[in-house]
Amino acid sequence: MVDALAIKGKRKKTTSVRLEVKPIELPDAPPIDTKYFTIYLANPLNSGESTTLEVLYVFTHFLEPFPAEIAQSESQLVFYNDTALILSPYHIKQQTTFIKTPSTKVESFIRMEPTNRVGTEIKYGPYEDRPPYSISPIHVHFENNSPFAVVEELVQEIEISHWGNIQVTEHYKLVHAGARHKGVFSRVDYQSRQSSNGASSFRYLLARLPPRVHSVYYRDEIGNISSSHLRTDSLKNGRRFIALCVLNARCFDYSVANVVSSFMIMHLHLNAAFAIIPVEAKSELEIEPRYPLFGGWKATFVIGYGLPLQDFLFESSDDKRYLNFTFGCPLIGMVVDKLTIKVVLPEGSTDPSPVVPFPVEHHLEAKYSSLDVVGRTVVVLEKKNFVPMHNSHFQVYYTFKPIFMLAEPLMLASAFFMFFVACVAYIHIDLSI
Amino acid sequence: MFKVAVTLVVTVGLAVCCAVIAVLIALVASSPTKGWSGRSLSLLDPTYASKYIPIIASVSEHQPPTWPSYFMDINVLAFLVPAGIIACFLPLSDASSFIVLYIATSVYFSGVMVRLMLVLAPAACITSGIALSEAFDVLTGSIKFQLPGVTSNAEVDAGETSSDAREAQTDEVKAEKPDDTSKNRPSKKSKKKERELAENPPAKATAKAKAEKKRLLALPLEASVISLLLLVVLGAFYVVHSVWAAAEAYSAPSIVLTTRSRDGLHVFDDFREAYAWLSHNTDVNDKVASWWDYGYQTTAMANRTVIVDNNTWNNTHIATVGTAMSSPERAAWEIFHSLDVKYVLVVFGGLIGYPSDDINKFLWMVRIGGGVFPHIKEPDYLRDGQYRIDSQATPTMLNCLMYKLSYYRFVETDGKAYDRVRRTEIGKKYFKLTHFEEVFTTHHWMVRIYKLKPLKNRIRGKAKKSKSKTSSTSSSKRSGTKKKNPWQ
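Residue numbers run consecutively from 1 along every chain, following the written order of its sequence. For this description, chains carry letters from A and ligands carry numbers from 1, given in the order in which they are written. Local features in a predicted model are, by the rule used here, given only for residues with pLDDT of at least 70; side-chain atom pairs are given and counted only at 80 or more, and totals for whole chains, interfaces and linings are based on all residues. As a convention, hydrogens and water are excluded, and side-chain values are obtained from all of the structure's heavy atoms.

Concerning the overall build of chain B
Just so we agree on the cut-off: Counting from the N terminus, the helices are the DSSP runs of H or I reaching at least four residues and the strands are the DSSP runs of E reaching at least two. To sort residues, take the accessible area from a 1.4 Å probe on protein chains only and compare it with the maximum for the residue type: under 20% means buried, over 50% means exposed, and anything in between is partly exposed. Contact between two residues is taken to exist if any of their heavy atoms lie within 4.5 Å; hydrogens are not considered. Surface accessibility in these figures is a Shrake-Rupley result with a 1.4 Å probe; residues are shielded only by whichever protein chains are displayed.
On a plain count of helices and strands, chain B comes out with 22 helices and 11 strands. Going through the 488 residues of chain B one by one, you find that 40% of them count as buried. Sequence-distant contacts, at least 24 apart, represent 65% of the contacts inside chain B between residues at least 6 apart. Counting only carbon and sulfur atoms, one obtains 62% of the accessible surface of chain B, whose full area is about 27,600 Å².

A few points about the domain arrangement of chain B
Residue and element names in this part refer to chain B. Going by this rule: In this document the domain limits rely on a domain assignment from an automatic tool or a database. Two parts lose some accessible area (1.4 Å probe) when they are put together, and adding that loss for both gives the buried area. Counted as a polar contact is a pair of N or O atoms within 3.5 Å, where, for protein atoms, one must be capable of donating a hydrogen and the other of accepting one, and residues adjacent in sequence contribute only when both atoms are in side chains. For this scheme, ten residues count as nonpolar: Ala, Val, Leu, Ile, Met, Phe, Trp, Tyr, Cys and Pro. Four count as charged, namely Asp, Glu, Lys and Arg, and the remainder, Gly too, count as polar.
Domain boundaries assigned for chain B yield domain 1 (43-146 + 219-251) and domain 2 (267-452). Computed from C-alpha atoms alone, the centre-to-centre distance between domain 1 and domain 2 is 41 Å. Facing 5 residues of domain 1, the contacting portion of domain 2 comprises 7 residues. Taken together, the two surfaces of domain 1 and domain 2 that pack against each other cover about 530 Å², and 82% of this comes from carbon and sulfur. Where domain 1 meets domain 2, there are 0 residue pairs in polar contact (both at pLDDT 80 or more). Split by residue class, the side of domain 1 that touches domain 2 holds 4 nonpolar, 1 polar and no charged.

Details of the side chain of Q95 of chain A
Residue and element names in this part refer to chain A. Note on placement: Q95 falls in strand β7 (residues 92-100). Residue Q95 is classed as buried on the basis of its relative accessible area, which comes to 5%. Within the local environment of Q95, its side chain forms a polar contact with the side chain of T97, the two groups lying 2.8 Å apart.

Focus: a nonpolar patch on the surface
Applied cut-off: Surface patches are defined over residues having more than 30% relative accessible area and no salt bridge, joining like charges when they lie within 9 Å and nonpolar side chains (Val, Leu, Ile, Met, Phe, Trp, Tyr) when within 5 Å. Salt bridges, as used here, are contacts in which a Lys or Arg side-chain nitrogen is within 4 Å of a carboxyl oxygen on Asp or Glu.
A cluster of nonpolar side chains, contributed by L8, V12, V16, V20, V23, L24, L27 and V28 of chain B, occupies part of the molecular surface with about 710 Å² of accessible area. Its location among the elements puts V23 of chain B in helix α1 (residues 2-30).

Quick word on the sheet that holds strand β13 (residues 165-176) of chain A
Residues and elements named next belong to chain A. What counts, and what does not: By definition, two strands form a pair when at least two bridges between them are found by DSSP. In this analysis an axis means a line fitted to C-alpha atoms, helices contributing only their contacting stretch, and an angle means the value between N-to-C directions, from 0 to 180 degrees.
The strand order across the open sheet built from 7 strands is β16-β22-β13-β12-β25-β28-β27, with neighbouring strands paired in mixed fashion. What marks the edges here is a single partner per strand, and that holds for β16 (214-219) and β27 (361-367). Neighbouring strand axes in the sheet, compared pairwise and without regard to direction, differ in orientation by 15 degrees on average. Here 11 bridges tie β13 to strand β22 (residues 298-308), and the two strands are oriented antiparallel to one another. Bridge pairing in β22 links I166 to L307.

Regarding the pairing of strand β1 (residues 257-261) of chain B
All names here are of chain B. Where β1 meets strand β2 (residues 264-268), 5 bridges bridge the pair, whose relative direction is antiparallel. Note on β2: the bridge partner recorded for S261 is G264. Between the end of β1 and the start of β2, which pair antiparallel, lie 2 residues.

What about the UniProt feature "transmembrane region" (unreviewed entry) in chain A?
Cut-off, in case you're wondering: UniProt positions are given in the numbering used here, feature names are shortened, and annotations may be inferred rather than shown by experiment.
UniProt tags residues 410-429 of chain A as "transmembrane region" (unreviewed entry). Overall, residues 410-429 of chain A shows 95% helix and 0% strand. The separation of its end C-alpha atoms is 27 Å.

Considering the nonpolar core
Just so we agree on the cut-off: Among buried residues, those of type Ala, Val, Leu, Ile, Met, Phe, Trp, Tyr and Cys that are joined through side-chain atoms within 4.5 Å constitute a nonpolar core.
Counting 128 residues, the largest nonpolar core has F327 and V343 of chain A together with F336, F436 and I449 of chain B as the members making the most contacts within it. Looking at this core element by element, the count peaks at 6 residues for helix α13 (residues 270-281) of chain B. By size, the runner-up hydrophobic cluster in this structure holds 17 residues, among which are F59, V78, I99 and I138 of chain A.

As for the sheet that holds strand β11 (residues 447-452) of chain B
Residue and element names in this part refer to chain B. The sheet built from 5 strands is open, its strands ordered β4-β3-β5-β11-β10 with mixed pairing. Of all the strands in the sheet, the pair left with one neighbour each is β4 (305-306) and β10 (436-441). Relative to strand β5 (residues 343-347), strand β3 (residues 287-289) runs parallel, the two sharing 2 bridges. In the sheet register, V288 faces β5, and the bridge partner there is Y343. Taken strand by strand, α13 contacts β3, β5, β10 and β11, and its axis lies near 25 degrees from that of β11.

A few points about the interface of chain B and chain A
Listed by partner, the interface residues are 21 residues for chain B and 23 residues for chain A. Each partner contributes to the roughly 1,900 Å² buried at the junction of chain B and chain A, and carbon and sulfur atoms together form 52% of this total. Three residues stand out in chain B for area buried against chain A, namely R272, H280 and E438 of chain B, and they jointly supply 28% of the buried area on that side. Note that R290 of chain A and D269 of chain B form a salt bridge whose closest N and O atoms lie 3.1 Å from each other. For the pair chain B and chain A, the interface holds 13 residue pairs in polar contact (both at pLDDT 80 or more). Among the secondary structure elements, those contributing two or more residues to the side of chain B that touches chain A are α13, α20 (411-414) and β10 of chain B. For the side of chain B that touches chain A, the leading source of residues is α13 of chain B, giving 7 residues. Of the residues assigned to the side of chain B that touches chain A, the class counts are 8 nonpolar, 6 polar and 7 charged.

What about the UniProt feature "transmembrane region" (unreviewed entry) in chain B?
Residue and element names in this part refer to chain B. When the UniProt feature table is mapped onto this chain, "transmembrane region" (unreviewed entry) is found at residues 6-29, 70-92, 98-118 and 216-240. In residues 70-92, helix accounts for 74% and strand for 0%; the two terminal C-alpha atoms are 27 Å from one another. The distance from the first to the last C-alpha atom of residues 98-118 is 18 Å, and the span holds 81% helix and 0% strand.

The following block contains the structure:
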């Protein structure tokens, strides 16, 4: 159950200080299936002092749809299994857990006194004086109709061409990972009474692309899919500011479907913190698969676009170039089970080295494209269980001598030259005896 | 020794050839149509297909063409071809007689089957090319002849001889008139003729005769220039029309329909939507039954096995599918179950007005099915000889599978179940499906996919018998329950 990847971002109350997190192995731990992470505090803590930490866990495939198969007119109910007490190797003096559900429809939940339910919030606690490694399993069975869109496999190929263009091609395998659809699909019900029919299905997906994107195409194996809209921001100065309200208390981020993000804190803080975050101009691509996706239905498609090179390729200090790109899936709020990013470096580049802020598997391949003699180096990065919190930048460093840019034009020019010389020679040489 | 070997080889070769020819003759003679296939026989006797093989008659490309389709396909050539035929006769050589035969037979056969317009096209191009070339010859010749300062008549090479050239002039004028092209006009040649005769010392008689023949054929300068320009413009219009016809009529992908409305282009991508759904959301081994028009598309895009496809190779198999579509639900279920079909695909254009849907093709399904299975009779589906689906339709029509699968829950779209293609409200509006369930309908209702419901485990009312039959296969169940409907 806890085989998901957890990432951490910690902030103190007013100053957000990111603390380092490392996974460690505890050999003498109790035999529960757990993973351990060490958080390194900013300043060493003397006895009698206290500090506030905020820990963010993200789990994928955590909500279990129950019933596993639903008809078109039923709404989706899921199970959330957890413990009321935090699993912790430390002695717990006092703990409260809040669980926030997306709507007020809760089928059932296990009571663990003192338990209280108000509206969309279930409060477990406060529990006092618990020994370390104590757990008390609870589950909540509630209605969750948000689209459970999961990308089973995403292969993103970024091709760098020093002639001024980066071509990105993405191959998606999309599946609806919620309760499976059984029985009849009635189009007339779906079109007429949309609120009660197909509540857990989804039709639209939003992808965020960098600004100044061009030549966007959206197709699948059969052909072009015509149902898509591209909106590009036409802001010249490229900077916008939005206010983001962060409630650093408990909540389910229910707009991101089967990703559970639970903020759990040691002490109760109910303050709302406002953060002004600068946002770059973006292009938005709204795509619609050929048919609305119900539980268990699949769709595959390819999105491709071109980007100007100067936004993404920079020179580093030691005469190397590096590509600065966003790691991840342009589709907003999507969980990717297996993400593969291939960065195709131009011909003649040497010494590739990726720098990614979190652990990924990487290896090198070779790709033969048009007019290639030695093949292009491909840096392949693979990641399992990718969530939108991972959306950070990564860099790929490589050395490239500018003289190699002339390789292809010279090759073409010399080929034609040889051909014409051969023609001229053939016409003028007299081969008769 | 060598001669013996040669004779041996030659005799063996001859014997083998004779044997092969004998086998071929035997094969041809033993077939009922003496080796002619159904399609080619229907060329000789256009009523053959509709009497014996309705599937050939059902293909729309096998119908006789309408008059406008000639103009659409060969355009300007339609009136240049007769001129070309006449031009082929002057003079009649081997090549030109071949052209005449070619054009005559291809015109006849294209009149029988519109598909053979393909054969008419090259013949029409050749003959009209001949006609145009003759016209250009005359016009350019007359322009060249009348250009100022050109003494072309003196350099004419020797042609035929003519002793009484002058007296024959008037005769020749009369004789040449019907031979000229339609753009011939009376000319004012007399002045020119006398001037040239005067300045031309008596040269050879042949040259003179040739010159005078040419003079007679010469049209006035302005007329020939204008006619030349008009002919070039005619050619240009022909090119424009051909490009337009190729773009609009022959390149339209019939799988993606587009209409232009006030707010731009509206795309009906329902076929690809249905095929994509089939390819992603069904099992790889599932079989899809539909009418044969969609066979290749389903195989290519949905990647599923179909029962019949565009090859139309097995007439009995197509007739089986046609019978299933024309039967009531239970009989159709049994036929499809015996074919191991899981999904049935139906094309329905009633919601948006798409005219080539399965209800319009349904009578052909009845005819083809009835050609092999005699219990399907076409008059059962017609009321007073008319094909209807409204309240006046026959009960057989209202209960057949095609009707039910096309109009299932159609009344819930607009409350009145108005079919935009047939322009009427349908007859039976409220009904349930007992043996099929709807698994997918596309956005504009153009493709509807149904799944065969599996058999129930128990048969009500036959509890004692079913216990002993629990181990029997479903086929024995089907044969043993003719009296009681096991699905109710």
